[in-house]
Amino acid sequence: MNLPQTPSPDIAPEWHLADIVEQLRTSREIEHKIRYLDRVRELPSREALVTVLDGLSAALFPTHYGRCKLTDDSIDYFVGNTLNATLNLLCEQVRRALYFSEAPDTHDKQNLQGKAVELTRRFASQLPAIRAMLVSDLHAAYQGDPAATSISEILLSYPGIKAIIHYRLAHAIHKLGAPFLARLISDIAHSATGIDIHPAAQIGASFFIDHGTGVVIGETTIIGERVRLYQAVTLGAKRFPADPDGKLTKGIARHPIVEDDVVIYAGATILGRITIGRGSTVGGNVWLTQSVPADTNVNQAKNLED
């Protein structure tokens, strides 16, 4: 294979960097400024958040995501040590993210540090409950997929479970008051799995996403318990209301409500603030913008060609 040759120093091209750097500064500082509240600050680090997610996953499931050779004597020490390092790292990311959710007059560094410590402490206290929810999701995956041979297989190889782990952690952080950080966590999961779950969505226990690629779950979606989705399902908004100035209205309920024991098959698109009644089944590639009552089977319209 022929590799491109690096120019020798005596014939290195001239990039006119001084002019480009100056023009970029003009764009950044004057013509196209996008800096939040017109301030320079440290942003949360995606790299650090990946480390945090790895540490939290290892604390929740130590022999699967931590060390496979842990013993009864060493596992608690490993979990405690991992959590200590991970929570310290998370706390700093929370502090940076709070600039985007706290009022500007509270942006004193000491004040934000205290809030970050408290938020992180409250998040840590929720980890046992989060793990209990995740175990219900694991059992739902095992019971819902005839190809699954063990819980360990699901933990180590199912992208849907990875996305749900990230979602449940992000959802807790979102509810505690760091939505910007939660959104970054959900995007890390999206990049890794192809599954896009907004951290503000409300999802009950025993949730299973089979295959998963292309699933989208919007911000105001509400999902009950024992719900199963397949790949390329969209739970989205039908329309985006705007104010008199033409700006989109933020935060309104615009995504579906999916009640308990619903199954939604591959490629289904469900839009708007509609309700899919308990025990219903939505078939593959269905486009649905109206509510359906409980125990309804919604199938794609049949082709009536002769």
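My aim in this report is to walk through the structure given alongside it, one point at a time. Remember, predicted model here, so these are calculated numbers, not experimental data.

### Focus on the pattern of salt bridges
No. 1: Under the counting rule described, the total for this entry stands at 15 salt bridges.
No. 2: Its salt-bridge partner being Arg-28, residue Glu-29 comes within 3.5 Å of it at the nearest N-O pair.
No. 3: Here Arg-28 falls in the partly exposed class, since its relative accessible area comes to 40%.
No. 4: A salt bridge links Lys-115 to Glu-102; its shortest N-O distance comes to 2.6 Å. Pair noted here: Lys-115 is in helix H5 (residues 109–125) and Glu-102 is in the loop between helix H4 (75–98) and H5, with a separation of 13 residues, a long-range link.
No. 5: The partly exposed category is assigned to Lys-115, whose relative accessible area is 32%.

### A short note on the packing of aromatic side chains
Any two aromatic rings considered together are summarised by their centre-to-centre distance and by the angle between their planes.
No. 1: Counted under the stated rule, the structure contains three aromatic pairs.
No. 2: Look at Phe-61 and Tyr-65: their rings are 6.2 Å apart centre to centre, the planes differ by 85°, and that puts the pair in the edge-to-face class.
No. 3: The class for Phe-61 is buried, based on a relative accessible area of 4%.
No. 4: Residue classification places Tyr-65 among the partly exposed positions, given a relative accessible area of 27%.
No. 5: With a centroid separation of 4.9 Å and an interplanar angle of 15°, the aromatic rings of Tyr-230 and Tyr-265 are classed as stacked. With a gap of 35 residues between them, Tyr-230 in the loop between strand S6 (228–229) and strand S7 (234–236) and Tyr-265 in the loop between strand S9 (263–264) and strand S10 (269–271) connect regions that are remote in the sequence.
No. 6: Of the residues examined, Tyr-230 reaches a relative accessible area of 13% and is grouped as buried.

### Section: the nonpolar core
No. 1: Membership of the largest hydrophobic core comes to 75 residues, with the highest contact counts inside it found for Phe-123, Ile-217 and Ile-264.
No. 2: Looking at which element gives the most residues to this core, the answer is helix H8 (residues 159–176), with ten residues.
No. 3: Excluding its chain neighbours within four sequence positions, the residues that come into contact with Ile-264 are Arg-228, Leu-229, Tyr-230, Val-233, Leu-235, Val-258, Ile-270 and Val-282.

### Thoughts on the sheet that holds strand S4 (residues 216–217)
No. 1: Within the open sheet, the five strands sit side by side as S1-S4-S7-S10-S13. Their pairing is parallel. Of all the strands in the sheet, the pair left with one neighbour each is strand S1 (196–197) and strand S13 (287–288).
No. 2: Relative to S7, S4 runs parallel, the two sharing two bridges. Residue Val-216 lies in a different strand from S7, and its bridge partner there is Thr-234.

### What about the packing of helix H2 (residues 46–60) against helix H9 (residues 179–193)?
No. 1: Contact pair H2 / H9: the axes reach a minimum separation of 10 Å and the direction vectors enclose 75°. What the angle tells us is that H2 and H9 run roughly perpendicular. Taking contact as the criterion, the partners of Arg-46, Leu-49, Val-50 and Leu-53 in H2 are, on H9, Leu-181, Leu-184, Ile-185, Asp-187, Ile-188 and Ser-191.
No. 2: Tallied by class, residues from the contact of H2 with H9 come to seven nonpolar, one polar and two charged.

### Here we look at the sheet that holds S6
No. 1: Pairing within the open sheet is parallel, and its five strands lie in the order S3-S6-S9-S12-S14. Since the sheet does not close on itself, it has two edges, and those belong to strand S3 (208–209) and strand S14 (297–298), each with one partner.
No. 2: Relative to strand S12 (residues 281–282), S9 runs parallel, the two sharing two bridges. In the strand pairing of S12, Ile-264 is matched with Val-282.

### Description of unusual backbone geometry
No. 1: Despite not being glycine, Asp-261 has its phi angle at roughly 65°, a positive value.
No. 2: Secondary-structure assignment places Asp-261 in the loop between strand S8 (257–258) and S9.
No. 3: Using a relative accessible area of 28% as the deciding quantity, one classes Asp-261 as partly exposed.
No. 4: A positive phi is found at Asp-295, a non-glycine position, where the angle reads about 60°.
No. 5: By the secondary structure assignment, Asp-295 is in the loop between S13 and S14.

The rules behind the values
Residues numbered from 1 in each chain as written. Predicted model: local features only at pLDDT ≥ 70, side-chain atom pairs only at ≥ 80, totals over all residues. Heavy atoms only, no water. Salt bridge = Lys/Arg side-chain N within 4 Å of Asp/Glu carboxyl O. Buried < 20%, exposed > 50% of the residue type's maximum accessible area, 1.4 Å probe, protein only. Helix = DSSP H or I, 4+ residues; strand = E, 2+ residues; numbered from the N terminus. Phe/Tyr/Trp six-rings, centres within 6.5 Å; stacked < 30°, edge-to-face > 60°. Core = buried A, V, L, I, M, F, W, Y, C linked by side-chain atoms within 4.5 Å. Contact = heavy atoms within 4.5 Å. Pairing = 2+ DSSP bridges. Axes fitted to C-alpha atoms, helices over the stretch in contact; angles between N-to-C directions. Parallel < 35°, antiparallel > 145°, perpendicular 65-115°, else oblique. Nonpolar A, V, L, I, M, F, W, Y, C, P; charged D, E, K, R; others polar.

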